[in-house]
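Coordinate analysis (summary)
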Amino acid sequence: MPERRPRTAALFAAVCLTLVTALCLAFAVAAPPARADTVPVTDISSDFESGTTQGWAARGPETVAVSTAAAHQGTHSLAVTGRTDSWQGPALSLLDTAQQGTAYTLSVWVRLASGESATPVRLSIERQWQGAAAYETVASGVTATSDGWARLSGTYTPASSVDVLKVYVETASGTPSFLIDDFTMTHLPAVPIQQDIPSLKDVLAPDFTVGAAVGRPQLLGVHADLLKKHFGSITPGNALKWDATEPTEGAFTFTDADPIVDFATANGIKVRGHTLVWHDQTPAWVFRDADGNTMTPTPANKALLLSRLENHIRAVMGRYQGRMYAWDVVNEVLDESQSDGLRHSMWYQITGTDYIADAFRTAHAVDPGAELCLNDYNTTVPARRQTLYTLVGTLKAQGVPIDCVGHQMHGNLQWPSASDTAATIEQFAQLGVDQQITEMDVSVYTDNTSSYTTIPDAALTQQAAEYKALFDVYRSHRADISAVTLWGLADDDSWLDSFPVNRLDAPLLFDRQLQAKAAYWSIVGQSPTSPPTTPPTTPPTTPPTTPPTGDVEAPSAPTGLAVSATTADSVTLTWNASTDNVGVTGYDVYRDGTRVSTVTTTTYTDTGLAPSTTHSYTVKAHDAAGNASPASAAVTATTRAAGGSTGCTAAYHVDSDWGSGFTATVTVTNTGTSATRSWKVAWRWSGKQKITNAWNTNATQSGTSVTATAMSYNGTLAPAAATTFGFQAGNTGANPAPTLTCTAA
């Protein structure tokens, strides 16, 4: 879902090869010639070769002027000097050009002025309406230097009323002078949706309601046309979450939610509410006690937290009483790594499971006509399925009004299997509750490292097979399932483009120009008569005017940069090796934008630091020809306070073993006298085990060696505190427990 935190990815299993083969035959059609509408249209281009600023102006007291000191192409660029804050930089109004509902690709080249130290830069949007300002990042993660040009590129879709709309370039920190050049804003022309193909909601009407998760951009133009033609239900993807509706206590806002609900009402589309209670995207104030401190488990805090929960549900549900046919009342309560199988969130720590019961009772009191769902992911995994089944059965026996179980069904080309999905539906049917598929998508990747620039046809065919297999299960269990919701309208807006890593994905039924994919045709049971072409994933680049000679290929950016250890005066970094056509010769390490060392290994210890200080690090690779890679993703590290010791242990437990695979849990315990800031667990398999998915950790495997590192949310452990992570692995032989090594940082 858009704006979700990094979260447990889908587990992986084998796909039915027979089904894939059949679909390969069904969809083996010749590719038609490229359409003219796949060529990007240039809306704005600024190269400054006219000697003018071409509409760009300063955001503050800084100076913006045309320069000939350096240029990306030609002889001119735009220089920004005299900056006194990081947000200051060149800005250009888009108000008269950008249209609501159009997805624009924005691109600009940035270079620091001579003598400036390397600094991360960002491309951002400022929008205002009636004096209220909002800011959005279009592109980041790029470090600019004074010895070359770096490109910032991203997409932005205007969706709100504005009287100010500007794009601007800023730095993440510091105030270095810099230059920009060759800015472009382009878009792919809107293609009319295919009106002559079967409506998905009509095809599936005898079985269940079919819906899509949307935001405000999907209510406009051809996106709205697609939504109205194919879907009978809408889920606001983020607009109804706690952080969007009650960012501060008692101050409610429905700026994004109201337009979505109003659109649905006007077009006869049902609405699913999502979500009232969740451990994520919940403001910090919710878990502060009466004195403003983080809550601890006391009767007073329990009463306060449950009071806030009730007030929130009454306000949000009450606003839309009678307009929502269903609500995800409580979201994601499971954690199979815990002994009781439940997520030990702040909700749980303060109230036990009372927050779940109170949420459902309050929701029923506010809107007795709404169907109330308990929603979770990976419910086809046996351990999670059983815990949820027991929980729902227990709560219903206590009279808690749970009407529905929601299965999110985020999957990929190989998982979940049809048999596991059927088993899940059949088990919950025994409780007499309705079931809904609430967040379905099918990623074209089966790991966290692969990346395509163009999605292969074979992957789309396999995706169609997975969609067909799962929809066949849903339809055969129509008596138990009332709704199936896709987590997105089309591939042009999916949370999987940025999770678990930034990469091109295509997890839905319609492509980036809203044309039906093989996955759609597999569900409606027909073959396309003229299959759509795939638009280019990036705008075309301009070839160099003079063909280059020699080695000009830069190494790939280092990945997996992580803090493996900290002391009061040092930070140790590790990263994955880059690749290069002739070989990487070294790595440049940058602290807070300044290069501090060049090393030939994939580890570095930065020493001589002050205690309790925070620094940002990036790494670049270079080859013998002097070509430098893009910077790695940045990591931050905080040195320890003076004094104290660090240490940790890791305990391994196999939860379930079915011969060809297993799931396991690792418990990490801080054995030191000071808090950890991160941890790393390493081991070596003695057999043929291969991790296919992990949760609550970043796990990598090379051969038989495995390294598991902390996530951003579970690296900090107080002395004697513990956390857990888990994984699923395939295996074809013996499965002895490995010896684990734990390192605290």
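Residues numbered from 1 in each chain as written. Predicted model: local features only at pLDDT ≥ 70, side-chain atom pairs only at ≥ 80, totals over all residues. Heavy atoms only, no water.

1. Comments concerning the overall build of the chain
Operational definition: Helix and strand labels come from DSSP, where a helix needs a run of H or I of at least four residues and a strand needs a run of E of at least two; each type is numbered from the N terminus. Each radius of gyration reported is based on C-alpha atoms, and the globular scaling rule is 2.2 Å times the count of residues to the power 0.38. Relative accessibility decides the category of a residue: with a 1.4 Å probe and only protein chains considered, values under 20% of the type maximum give buried, values over 50% give exposed, and everything between is partly exposed. Contacts between residues were defined by any pair of non-hydrogen atoms, one from each residue, lying within 4.5 Å. Accessible areas in this description were obtained via Shrake-Rupley with a 1.4 Å probe; residue shielding takes into account the shown protein chains only. Counted as positive: Lys and Arg. Counted as negative: Asp and Glu. His and the chain ends are not counted at all. By convention, the point assigned to a charge is CZ for Arg, NZ for Lys, CD for Glu and CG for Asp.
What the chain contains, in helices and strands, is 12 helices and 35 strands. Since a compact globule built from 745 residues should have a radius of gyration of about 27 Å, the 27 Å found for the chain is in line with a globular shape. If you line up the chain on its principal axes, its C-alpha atoms span 75 × 65 × 55 Å. Counting over 745 residues, the chain shows a buried share of 52%. Considering only contacts in the chain between residues 6 or more positions apart, those separated by 24 or more positions represent 75%. Accessible surface, the chain: about 29,900 Å² in total, of which carbon and sulfur atoms supply 51%. Of note, the chain has its 44 positive side-chain charges centred 3 Å away from the centre of its 67 negative side-chain charges.

2. Some thoughts on the sheet that holds strand 33 (residues 705-709)
To be explicit about the condition: One bridge is not enough; two strands pair if DSSP finds at least two bridges between them. For every element, the axis is a line fit to its C-alpha atoms; helices are fit only across the contacting stretch, and the angle between N-to-C directions ranges from 0 to 180 degrees.
Ordered in space as 32-33-30-35, the 4 strands form an open sheet in which the pairing is antiparallel. Bordering the open sheet on either side are strand 32 (698-702) and strand 35 (741-744), each of which pairs with just one other strand. Neighbouring strand axes in the sheet, compared pairwise and without regard to direction, differ in orientation by 15° on average. Bridge analysis of strand 32 against strand 33 gives 5 bridges, and the strand direction is antiparallel. Its bridge partner lying in strand 33, A699 is registered against A708.

3. Overview of the state of the cysteines
What counts here: When two cysteine sulfur atoms are found within 2.5 Å, that pair is recorded as a disulfide.
In the structure shown here, the tally under the stated rule is 2 disulfides. What pairs with C373 in a disulfide is C404, and their sulfur atoms sit 2.4 Å apart. Handedness of the C373-C404 disulfide follows from its S-S torsion of about 95°: it is right-handed. One end of the pair, C373, is in strand 16 (residues 371-376); the other, C404, is in strand 17 (residues 404-407), with 31 residues separating them in the sequence. Between C648 and C742 runs a disulfide, and the two sulfur atoms are separated by 1.9 Å. Between C648 and C742 the sulfur-sulfur dihedral comes to about -110°; the bridge is accordingly left-handed. Here C648, found in strand 28 (residues 648-657), pairs with C742, found in strand 35; they are 94 residues apart in sequence, far enough to count as distant. There is no split in this pair, since C648 and C742 are both buried.

4. Describing the sheet that holds strand 28
Spatial ordering of the open sheet is given by 28-29-34-31, a layout of 4 strands whose pairing is antiparallel. Looking at which strands have only one partner, the edges of the open sheet turn out to be strand 28 and strand 31 (690-695). Taking each pair of neighbouring strands and ignoring which way they run, the sheet shows an average axis angle of 25°. Direction of pairing for strand 29 (residues 661-670) relative to strand 34 (residues 722-730): antiparallel, over a ladder of 9 bridges. Considered in strand 34, the bridge of F662 is made with A729.

5. As for helix 10 (residues 418-429)
This is how the line gets drawn: An expected span of 1.5 Å times one less than the residue number is assigned to each helix.
Along its 12 residues, helix 10 runs 17 Å from first to last C-alpha, staying within 8% of the 16 Å computed at 1.5 Å per residue. All of the buried residues in helix 10 are T421, A422, T424, I425, Q427 and F428. Each element contacted by the buried residues of helix 10 is listed here: helix 9 (382-397), strand 17, strand 19 (434-443), helix 11 (457-476) and strand 20 (481-486).

6. A word on the pattern of salt bridges
Test applied: Salt bridge, as applied in this entry: a Lys or Arg side-chain nitrogen positioned within 4 Å of an Asp or Glu carboxyl oxygen.
Within the structure shown, the criterion is met by 19 salt bridges. Each of D207, R475 and R478 takes part in a single network of salt bridges with overlapping partners.

7. Here we look at the packing of helix 9 against helix 10
Basically, it comes down to this: Under this scheme an angle from 65 to 115 degrees is roughly perpendicular, one under 35 degrees roughly parallel, and one over 145 degrees roughly antiparallel; angles in between are oblique. Should the near helix be turned anticlockwise from the far one by less than a right angle, the crossing is termed left-handed; should it be turned clockwise, right-handed.
Look at helix 9 against helix 10: their axes get within 11 Å of each other, and the N-to-C directions meet at 10°. By the angle between their directions, the pair helix 9 and helix 10 is classed as roughly parallel. Helix 9 and helix 10 meet at a crossing whose hand is right-handed. Taking contact as the criterion, the partners of R385, Q386, L388 and Y389 in helix 9 are, on helix 10, D420, A423, T424, Q427 and F428.

8. A word on the environment of R640
Inspection of the secondary structure puts R640 in the loop between strand 27 (635-638) and strand 28. Note on R640: relative accessible area 7%, which makes it buried. Along the primary structure R640 and T572 are separated by 68 residues, whereas in three dimensions their C-alpha atoms are 12 Å apart. Not counting chain neighbours up to four residues away, the residues in contact with R640 comprise T566, T567, A568, P611, S612, T646, S674, A675, T676, R677, A744 and A745.

9. Observations regarding the side chain of N735
Selection criterion: Under this definition, polar contacts are N or O atom pairs within 3.5 Å; protein pairs additionally need one hydrogen-donor-capable and one acceptor-capable atom, and for neighbouring residues in sequence, both atoms have to be side-chain atoms.
With respect to the helices and strands, N735 occurs in the loop between strand 34 and strand 35. One polar contact links N735 to Q689, side chain to side chain, over a distance of 3.1 Å. Residue contacts for N735: discarding those within four places in its chain leaves V654, D657, F662 and Q689.

10. A look at unusual backbone geometry
For the bond running from H274 to T275, omega is -5°, close enough to zero to count as cis. Geometrically, the link from W415 to P416 is a cis peptide bond, its omega value of 0° lying close to zero. On the secondary structure map, P416 appears in the loop between strand 18 (410-412) and helix 10. Here Q54, not a glycine, exhibits a phi torsion of approximately 55°, which is positive. Here the phi dihedral of D182 falls at roughly 50°; this positive angle occurs in a residue that is not glycine. Mapped onto the elements of the fold, D182 is located in strand 11 (residues 178-187).

The analysis is restricted to geometry; functional conclusions fall outside its scope.
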